[in-house]
Amino acid sequence: MPLFDYHPESIRSFVDTVSKMVEHKSKVDRRLFLLVRGVVWMASESEFLLAVRRASREICKAYGFEDLNDAFEFFESMDIGEFEAQDVEDDLDERMADLGDMVVSVYDCVSCSGAPNVGETLCAFEGHIILGAVEAITGDKMRVLEYKCWGLGDGVCKFVLFPQGDLEAFKEARSVVDGRKR
Ligand SMILES: [Zn+2]
């Protein structure tokens, strides 16, 4: 009997738990979040991220958010991190903002804030929260890429969003990020 019987029932129960936290507007218990996320993630990263993206989209539609900042405020109230759109601070941000449609920063991110430089981006969870929110508000299918992260030695996480059809720009941005990884 495994310690956690997670697949696929627990993915559903994790999403249910997050939905309940959302309903009650409670904050995320960070240690529990990291533990559960780690376990569920090992089971099926892509399925988990699809569920997060869908949940974020549905939450934004259910609350009727029309402005991305309203969605960000909501996720901040859950203690996921502090979100900021179009927060362009240096050449890399500028390059990403040029390639994509939008850049979004997350300060004090629940997944990686304070993490050591491990040569990897760590925050696909937050990326898919942002992705779902942007899709709900714009009605367009998008792609997301994390290009700065505590896991890459940055003190902030930054994401860039692309329209789904703009694969060339996405690939170019991804190769820049791959060059920052170890
Ligand atoms: Zn990160």
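Residues numbered from 1 in each chain as written. Predicted model: local features only at pLDDT ≥ 70, side-chain atom pairs only at ≥ 80, totals over all residues.

Colleague: Account for the overall build of the chain, naming residues and giving values.
Modeller: Counting its secondary structure elements, the chain contains seven helices and four strands. Each helix (α) and strand (β) of the chain, taken in turn from the N terminus, gives the series α-α-α-α-β-α-β-α-β-β-α. Counting the 182 residues in the chain, one finds 35% classified as buried. A sequence separation of at least 24 residues applies to 66% of the contacts in the chain between residues at least 6 apart. (Helix = DSSP H or I, 4+ residues; strand = E, 2+ residues; numbered from the N terminus. Buried ≥ 20, exposed ≤ 12 C-beta atoms within 10 Å, placed from the backbone. Contact = placed C-beta atoms within 7 Å.)

Colleague: Go over unusual backbone geometry with me, naming the residues and quoting the values.
Modeller: A positive phi angle is found at aspartate 79, which is not glycine, with a value near 70 degrees. The class of aspartate 79 is partly exposed, set by 16 C-beta atoms lying within 10 Å. Its identity as a non-glycine residue notwithstanding, glutamine 86 has a phi of 50 degrees, on the positive side. Relative to the assigned elements, glutamine 86 resides in the loop between β1 (82-85) and α5 (91-99).

Colleague: Residues and numbers for the sheet that holds β1, please.
Modeller: Sheet architecture is open: four strands sit in the order β1-β2-β4-β3, paired in antiparallel fashion. Single-partner strands in this sheet number two, and they are β1 and β3 (142-148). Pairwise comparison of adjacent strand axes, ignoring direction, gives a mean angle of 25 degrees for this sheet. Pairing of β3 with strand β4 (residues 157-163), which is carried by six bridges, proceeds in the antiparallel orientation. Across the sheet, the residue bridging to lysine 148 is lysine 158, located in β4. With respect to the sheet, helix α7 (residues 167-180) is in contact with β3 and β4, its orientation differing from that of β3 by roughly 20 degrees. (Pairing = 2+ DSSP bridges. Axes fitted to C-alpha atoms, helices over the stretch in contact; angles between N-to-C directions.)

Colleague: Outline the nonpolar core, listing residues and values.
Modeller: Counting residues in hydrophobic clusters, the biggest one holds 43 residues, and the most contacted among them are Ile130, Ala133, Cys157, Phe159 and Val160. Elements represented by at least two residues in this core include exactly α3 (45-63), α4 (68-77), α5, β2 (102-107), α6 (124-138), β3, β4 and α7. Among the elements that take part in this core, α6 stands out by supplying eight residues, more than any other. Contact partners of cysteine 157, with chain neighbours within four places excluded, come to Ser105, Val106, Cys109, Cys112, Cys123, Glu126, Glu146, Lys148, Cys149 and Trp150. (Core = buried A, V, L, I, M, F, W, Y, C linked by C-beta atoms within 7 Å.)

Colleague: How would you explain the environment of glycine 165 if you had to name every residue and give the values?
Modeller: Structurally, the position occupied by glycine 165 is in the loop between β4 and α7. As a C-alpha pair, glycine 165 and methionine 142 span 23 residues in sequence and 8.1 Å in three-dimensional space.

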